[in-house]
Amino acid sequence: SMASPALLMRVVASAYSVAEKAATIVRNVMAAGDLGIVEKTGASDLQTKADRLVQMSICASLARKFPKVTIIGEEELPTDEVAEELIEDGHCEEILKKTCPAQYTGIKEEELVIWVDPLDGTKEYTEGLLDHVTVLIGIAYGGKAIAGVINQPYYNYEAGADAVLGRTIWGVLGIGAFGFQLTEAPAGKHIIITTRSHSSTLVNDCISALNPHSVIRVGGAGNKIIQLIEGKASAYVFASPGCKKWDTCAPEAILHAVGGKITDIHGNSFQYNKEVKHMNSAGVLATLRNYDYYASRIPNTVKQSLVP
């Protein structure tokens, strides 16, 4: 008889289906028209009904299947009974068929930490910039991001009424990443992708120092990493606090699975163990290729302003 799939592959396979359910919730809330917007710390830090329902759905669905895994979500929510229609019990068969990398076959539930951003790009969601929005489920072991799922609920939304809406990208270190076409940015072009709604003098000074050919300003960390792996941008640069562990965990796993690199502005890698502070206080620098080129050009003044 076949050995049952390793825990990691079962978690990723479930997270895939859970993310697809999340996307349906995101689209349904938007279609119903009442976003239920709440300001958390200010006008650019918002929470909607979709953030709340999706987090409940993801966390409850994964906790039911993997009760000893630590799950950390962005939103502070009451611990009420979660409605049964929010629970997703399915999994992606295709993921279960992949062989788990040897270094991860012995992982136990209590050794995994799952970082969840139920709706990355909430501000953009409320403004109708739907292609910026992602659902992020990142899986960490030993403090490292080792697997991730990114769902884009509105992928293809401008392609007409009969287009298939949404897609799910997933990856595991040592296996690769799937659900998109890996493409490198044009050689010799420095296309910087950065924040849309959290700009500052520091953010802009850092970008200027990199001498970019062009700068793309979009919402969502998940969205920015997708632009890197699809060759639309060559570096994601954010010289500011503001990004959190649930923003970077899933994208990091997918980027690393295809040979890219993400760190803070100082070049330190992110830690994802359950005790870690949630804020990535020293910013973000990420590339699919040529990381050293960008890292070597971050000004010292910028580094000194951002304390890890």
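Along each chain, residues carry numbers from 1 onward, in the same order as the chain's sequence is written. pLDDT decides what is reported in this predicted model: residues at 70 or higher carry local features, side-chain atom pairs at 80 or more are listed and counted, and totals for whole chains, interfaces and linings draw on all residues regardless. For the side-chain quantities, the full set of heavy atoms in the structure was used; hydrogens and water were omitted.

**Here's the deal with the domain arrangement of the protein**
When cut into domains, the protein gives domain 1 (7-178) and domain 2 (191-305). Here the limits of each domain have been adopted from an automatic or database domain assignment. Centre-to-centre, using C-alpha coordinates, domain 1 lies 21 Å away from domain 2. Only heavy atoms enter the contact rule, under which two residues are in contact if any of them lie within 4.5 Å. With 41 residues of domain 1 at the contact, the number on the domain 2 side is 30 residues. The term buried area refers to how much accessible surface (probe radius 1.4 Å) is lost by two components on association, counted for both of them together. Together, the buried faces of domain 1 and domain 2 total about 2,600 Å²; carbon and sulfur atoms form 65% of this surface. Here, a salt bridge means any side-chain nitrogen of Lys or Arg that lies within 4 Å of a carboxyl oxygen of Asp or Glu. Applying the counting rule to domain 1 against domain 2 returns three salt bridges. One salt bridge in this structure joins glutamate 127 and arginine 196, with 2.5 Å as the shortest N-O distance.

**Describing the sheet that holds strand E6 (residues 144-152)**
Here six strands make up an open sheet; going across it, the order is E3-E4-E5-E6-E7-E8 and the pairing mixed. Each having just a single partner strand, strand E3 (70-73) and strand E8 (176-178) make up the two edges of the open sheet. The average angle at which neighbouring strand axes cross in this sheet is 15°, direction not considered. Any two strands with at least two DSSP-identified bridges between them are counted as paired. Each helix is a run of H or I in the DSSP string that is no shorter than four residues. Each strand is a run of E no shorter than two, and both are numbered from the N terminus. Bridge analysis of strand E7 (residues 167-172) against E8 gives three bridges, and the strand direction is antiparallel. Paired with tryptophan 170 across the strands is phenylalanine 178, a residue of E8. For helices, the axis comes from a line fit to the C-alpha atoms of the stretch in contact; other axes are also lines fit to C-alpha atoms, and the angle between any two N-to-C directions lies between 0 and 180 degrees.

**Digging into the side chain of serine 240**
You can see serine 240 is positioned in the loop between strand E11 (235-238) and helix H7 (245-257). Apart from residues no more than four positions distant in its own chain, serine 240 is found in contact with Val203, Asn280, Ser281, Gly283 and Leu306.

**A short note on the pairing of strand E10 (residues 214-217)**
Sheet analysis places strand E9 (residues 191-194) next to E10, joined by four bridges and oriented parallel. Paired with isoleucine 191 across the two strands is serine 214, which belongs to E10. By convention, a crossover is right-handed whenever its connection, traced from the first strand over the helix to the second and viewed with the strands pointing away, goes clockwise. In terms of handedness, the path from E9 via helix H5 (residues 201-209) over to E10 forms a crossover that is right-handed.

**Things to note about the pattern of salt bridges**
Oppositely charged side chains can pair when the atoms bearing their charge come close. A complete count under the given rule lists ten salt bridges for this structure. The closest approach of N and O atoms between lysine 40 and glutamate 74, which form a salt bridge, is 3.3 Å. In this pair, lysine 40 is assigned in strand E1 (residues 38-42) and glutamate 74 in the loop between E3 and helix H3 (93-96), connecting sequence segments 34 residues apart.

**A short note on the packing of aromatic side chains**
Between the rings of Phe, Tyr and Trp (Trp by its six-membered ring), a pair exists once the centres lie within 6.5 Å; its type follows the angle of the planes, with under 30 degrees stacked, over 60 edge-to-face, and the other angles tilted. One pass over the structure, following the stated rule, counts six aromatic pairs. Taken together, a centroid distance of 5.0 Å and an interplanar angle of 80° make the contact between tyrosine 293 and tyrosine 294 edge-to-face. Judged by its relative accessible area of 27%, tyrosine 293 is partly exposed. One aromatic cluster in this structure is built from Trp115, Trp246 and Tyr272. Over a ring means this: the NZ of a Lys or the CZ of an Arg is within 6 Å of the ring centre and within 35 degrees of the ring normal. Lying across the ring of tyrosine 155, arginine 167 places its NZ or CZ 3.8 Å from the centre. Relative accessibility decides the category of a residue: with a 1.4 Å probe and only protein chains considered, values under 20% of the type maximum give buried, values over 50% give exposed, and everything between is partly exposed.

**Remarks on the side chain of glutamate 230**
As for its position among the elements, glutamate 230 is in the loop between helix H6 (221-229) and E11. A relative accessible area of 17% means that glutamate 230 is categorised as buried. In terms of polar contacts, glutamate 230 uses its side chain to reach the side chain of arginine 167, at 2.8 Å. Polar contacts, as counted here, are pairs of nitrogen or oxygen atoms within 3.5 Å of one another; within protein the pair requires one atom able to donate a hydrogen and one able to accept it, and residues that are adjacent in sequence qualify only if both atoms are side-chain atoms.

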